[in-house]
Amino acid sequence: MGPDAILSGFTLTNGHTRTLGAPAREQRGGGLSGEALGVVTNCILTGNLARQFGGGAYRGTLQDCVLVGNSSLDGGGGA
């Protein structure tokens, strides 16, 4: 998701990252991984898994989103 992107109105379930590979690019954001200025609205992120940060989401801005049952080694819901 790019820095000016807006993603809205969806449910993302059972997403995951790789367990090996480049940590910053491939092991963060099990549900979604975005740029710092990207915006995600009206979403549900559930049951996602990341090896490192942000089981549900990594980076970006979440507005009116629900995060349930996401996990990672650091920052299960979001980072």
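Residues numbered from 1 in each chain as written. Predicted model: local features only at pLDDT ≥ 70, side-chain atom pairs only at ≥ 80, totals over all residues. Heavy atoms only, no water.

Caption draft 1: Structural detail: the overall build of the protein. Looking only at helices and strands, the protein has 1 helix and 8 strands in total. Counting from the amino terminus, helix and strand elements in the protein follow one another as β-α-β-β-β-β-β-β-β. For the protein, the C-alpha radius of gyration of 11 Å lies close to 12 Å, the compact-globule estimate for 79 residues. Expressed as lengths along the three principal axes of its C-alpha atoms, the size of the protein is roughly 30 × 25 × 15 Å. Buried positions account for 33% of the 79 residues belonging to the protein. Accessible area for the protein stands at about 4400 Å²; split by element, carbon and sulfur atoms hold 53% of it. Averaging the coordinates of the 5 positive side-chain charges in the protein and doing the same for the 5 negative ones gives two points 11 Å apart. (Helix = DSSP H or I, 4+ residues; strand = E, 2+ residues; numbered from the N terminus. Rg over C-alpha atoms; globule rule 2.2 N^0.38 Å. Buried < 20%, exposed > 50% of the residue type's maximum accessible area, 1.4 Å probe, protein only. Areas by Shrake-Rupley, 256 points an atom, 1.4 Å probe, with all protein chains shown as cover. Lys, Arg positive; Asp, Glu negative; His and termini not counted. Charge placed at Lys NZ, Arg CZ, Asp CG, Glu CD.)

Caption draft 2: Molecular detail of the environment of glycine 9. Position of glycine 9 among the secondary structure elements: in strand 1 (residues 6-13). Each C-alpha atom, one on glycine 9 and one on leucine 45, is 11 Å from the other, the two residues being 36 residues apart in sequence. Not counting the four nearest positions on each side in its chain, glycine 9 is found in contact with Thr41 and Asn42. (Contact = heavy atoms within 4.5 Å.)

Caption draft 3: Quick look at the packing of aromatic side chains. Per the stated rule, a full pass over the model turns up 1 aromatic pair. Look at phenylalanine 53 and tyrosine 58: their rings are 6.5 Å apart centre to centre, the planes differ by 20°, and that puts the pair in the stacked class. According to the relative accessible area criterion, tyrosine 58 is buried, its value standing at 16%. (Phe/Tyr/Trp six-rings, centres within 6.5 Å; stacked < 30°, edge-to-face > 60°.)

Caption draft 4: Representation of the state of the cysteines within the structure. Enumeration according to the criterion identifies 1 disulfide in this entry. Linked covalently through their sulfurs, cysteine 43 and cysteine 65 form a disulfide whose S-S length is 2.4 Å. Judged by the torsion about the S-S bond (120°), the cysteine 43/cysteine 65 disulfide is right-handed. One end of the pair, cysteine 43, is in strand 3 (residues 39-46); the other, cysteine 65, is in the loop between strand 6 (61-63) and strand 7 (66-68), with 22 residues separating them in the sequence. On the basis of relative accessibility, which here comes to 2%, the residue cysteine 43 falls in the buried class. (Disulfide = S-S within 2.5 Å.)

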